[in-house]
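Secondary and tertiary structure notes
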There are 2 protein chains.
Amino acid sequence: MKENKYDEEIFFEKYSQMDRSKKGLSGAGEWRQFQKFMPDFRGKRVLDLGCGYGWHCRYAAENGAASVLGTDISQKMLRRAEEMSVGTGIRYRRKAMEDLEFPDESFDIVLSSLAFHYVRDFFRLLEKINSWLVPEGKLVFSVEHPVFTAYGNQDWYRDEQGNILHFPVDRYFFEGKRDAVFLGEKVIKYHRTLTTYLNGLLQSGFSLEQVVEPQPPEEMLDLPGMEDELRRPMMLLISAVKRK
Amino acid sequence: MKENKYDEEIFFEKYSQMDRSKKGLSGAGEWRQFQKFMPDFRGKRVLDLGCGYGWHCRYAAENGAASVLGTDISQKMLRRAEEMSVGTGIRYRRKAMEDLEFPDESFDIVLSSLAFHYVRDFFRLLEKINSWLVPEGKLVFSVEHPVFTAYGNQDWYRDEQGNILHFPVDRYFFEGKRDAVFLGEKVIKYHRTLTTYLNGLLQSGFSLEQVVEPQPPEEMLDLPGMEDELRRPMMLLISAVKRK
């Protein structure tokens, strides 16, 4: 995440008003399903790449992790994360995940929530994560769905009255930079195909354990816009394990 | 494949004019990549579900399979398959794949090319395939991509002049029957999500070996419409293995 969007005043302010920022994990539509992917943290060394406010770090710590390190590029987010993590023992480090270096087999579990689509070189990152994990260590992450990132602006296609007609897909096999609009602000994201995510993992020494496109939970369907989330996949949740 | 579209005169005639019908595997845009998924057939018992003209059956036989059984619901297609398979020892059986019954561990390899999206109950089928395979037996198949089947009609979204704007996605999480248009004819297909395909396999006792969305090979890009195939994924190629 070389573009440090989350440290821009307006963007950060808007992001901090989102349910997932104010309520934490329970405010994130995908958490219900992502939670099922969470491994047994007891006694484990955990790394969270793109940790933001540190919600997943605290979840790991609360569930018995031996050590937790959260990394992010945003100073504002890490400051907030530290404020909320006092007394937990969680460490935070400010660095782009592409630039992190650790000795081999430093972690048992690597987490990442909605951050890999900010990374340009996914294969290089996978290679690093694989080296940082112990054999049979877990990589559990969520990412924006290729269907959601392909076109670019990440918006519905609408009629002249503004009604949603469908979600547009285009340039699918042209991977790379997209100028997405998130919270009304321009944000750089990287589109890659499902093949790159899944076959990339399989070819980088991982086995796939679970692949799920989360749907909003029943009780969230009344929230504005949530029913439309059934019309196209927005995220991909993946649980993988480093092969022995 | 309970709807026996391929035995309707007009549809069959149109289908038989397609490159993949006339030229066989080399006429199919995805074969270049699907071929890489083909396991070592030597001495193996092979089942091809929805075999059509039997191209994959003959490929397996030519590559040393001990026995090959192709099944399909279309009499016209099986007749053509038999004509082209004289002297190969390949057997063909006319039956919807949902209705097939075999003893446990009857096959080492199960193939299927672009047929599972005609099947209503994928989980039931997976359960059967798993029982038919030996431990570490392979399931290698192609299927229409969920992006391609979600909306329904499987056509581009165009402007008033008929120019392609993008490919529409809608109703993604509403799995089930779709009235698709294929070769100008109405055909019933079943949309299911990527989650159902991939997590379905993982939960049905399979490990994933490869997941690829094929792109048209370089030398086919000049063929009419082929360049547009880079704008959205149309197929999904999957190689899975029955867990021990």
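Right, let's walk through the structure included here. As the structure is a computational prediction, the values presented were derived from the model and not from experiment.

What about the side chain of B:Arg58?
Residue and element names in this part refer to chain B. By the element assignment, Arg58 lies in helix α4 (residues 55-62). Comment: no salt bridge for buried Arg58; closest opposite-charge side chain is Glu62, at 5.5 Å. A distance of 2.9 Å separates a polar atom in the side chain of Arg58 from the backbone oxygen of Tyr53. Every residue in contact with Arg58, bar those within four places of it in the chain, is listed here: Tyr53, Ala81, Met84, Ser85, Ile90 and Tyr92.

Side note on the interface of chain B and chain A
At the interface, 35 residues of chain B touch 35 residues of chain A. Note on chain B versus chain A: buried area summed over both sides is about 2,900 Å², and carbon and sulfur give 59% of it. When the area that chain B buries against chain A is broken down by residue, the three leading residues are B:His166, B:Phe173 and B:Glu213, summing to 22%. Close ionic contact of B:Asp170 with A:Arg231 constitutes a salt bridge, the shortest N to O distance being 2.8 Å. Run the count over chain B and chain A and you get 21 residue pairs in polar contact (both at pLDDT 80 or more). Elements represented by at least two residues in the side of chain B that touches chain A include exactly β7 (164-169), α8 (194-203) and β10 (206-212) of chain B. The leading source of residues in the side of chain B that touches chain A is α8(B), at six residues. Residue classes in the side of chain B that touches chain A are distributed as 20 nonpolar, eight polar and seven charged.

Structural notes on the relation of the copies chain B and chain A
Expressed as a screw transformation, the operator carrying chain B onto chain A has a rotation angle of 180° and an axial translation of 0.0 Å, and the superposed copies differ by an RMSD of 0.0 Å. One copy is carried onto the other by what is essentially a two-fold rotation axis. For chain B, the smallest separation between a C-alpha atom and the rotation axis is recorded for B:Pro168, amounting to 2.5 Å. The overlap is high: 100% of the interface residues of chain B also sit at the interface in chain A, so the same surface is used on both sides.

Focus: the pattern of salt bridges
This model, assessed by the stated rule, comprises 36 salt bridges over all chains. Between B:Lys76 and B:Glu9 there is a salt bridge, with the nearest N and O atoms lying 3.1 Å from each other. Here B:Glu9 lies in helix α1 (residues 9-16) and B:Lys76 lies in helix α5 (residues 75-84), a separation of 67 residues in the sequence. Here B:Glu185 ties to B:Lys14 by a salt bridge, and the two come within 3.1 Å at their closest N and O atoms. With B:Glu185 in strand β9 (residues 185-191) and B:Lys14 in helix α1, this residue pair connects regions lying 171 residues apart in the sequence. Residue B:Glu185 is classed as buried on the basis of its relative accessible area, which comes to 17%. On the basis of relative accessible area, B:Lys14 is assigned to the partly exposed category, the value being 34%. Via salt bridges that share partners, A:Asp170, B:Asp228 and B:Arg231 belong to a single interconnected network.

Thoughts on the sheet that holds strand β6 (residues 157-158) of chain A
If you walk across this open sheet you meet the four strands as β6(A)-β7(A)-β7(B)-β6(B), and the pairing is antiparallel. Bordering the open sheet on either side are β6 of chain A together with β6 (157-158) of chain B, each of which pairs with just one other strand. Sheet topology note: the β6(A)/strand β7 (residues 164-169) of chain A ladder contains two bridges and is antiparallel. Looking at the pairing, A:Arg158 lines up with A:Ile164 of β7(A).

What to know about the packing of aromatic side chains
Given two aromatic rings, one states the distance between the centres and the angle between the planes to describe the pair. Applying the stated criterion to the full structure yields 41 aromatic pairs over all chains. Aromatic pair A:Phe11 and A:Phe182: ring centres 5.7 Å apart, planes at 65°, arrangement edge-to-face. Residue A:Phe11 is located in helix α1 (residues 9-16), and its partner A:Phe182 is located in strand β8 (residues 176-182); the two are separated by 171 residues in the primary sequence. Classification of A:Phe11 by relative accessible area gives buried; the value is 0%. An aromatic cluster of three or more residues is present, and its members are A:Tyr6, A:Phe11, A:Phe12, A:Tyr15, A:Tyr53, A:Tyr118 and A:Phe182. The ring of B:Phe182 carries the charged tip of B:Lys189 above its face, separated from the ring centre by 4.9 Å.

The rules behind each value
Residues numbered from 1 in each chain as written. Chains lettered and ligands numbered in written order. Predicted model: local features only at pLDDT ≥ 70, side-chain atom pairs only at ≥ 80, totals over all residues. Heavy atoms only, no water. Helix = DSSP H or I, 4+ residues; strand = E, 2+ residues; numbered from the N terminus. Buried < 20%, exposed > 50% of the residue type's maximum accessible area, 1.4 Å probe, protein only. Lys, Arg positive; Asp, Glu negative; His and termini not counted. Salt bridge = Lys/Arg side-chain N within 4 Å of Asp/Glu carboxyl O. Polar contact = N/O pair within 3.5 Å; in protein donor to acceptor, adjacent residues only side chain to side chain. Contact = heavy atoms within 4.5 Å. Buried area = accessible area lost by both parts, 1.4 Å probe. Nonpolar A, V, L, I, M, F, W, Y, C, P; charged D, E, K, R; others polar. Least-squares fit on C-alpha atoms with pLDDT ≥ 70 in both. Pairing = 2+ DSSP bridges. Phe/Tyr/Trp six-rings, centres within 6.5 Å; stacked < 30°, edge-to-face > 60°. Lys NZ or Arg CZ within 6 Å of the ring centre and 35° of its normal.

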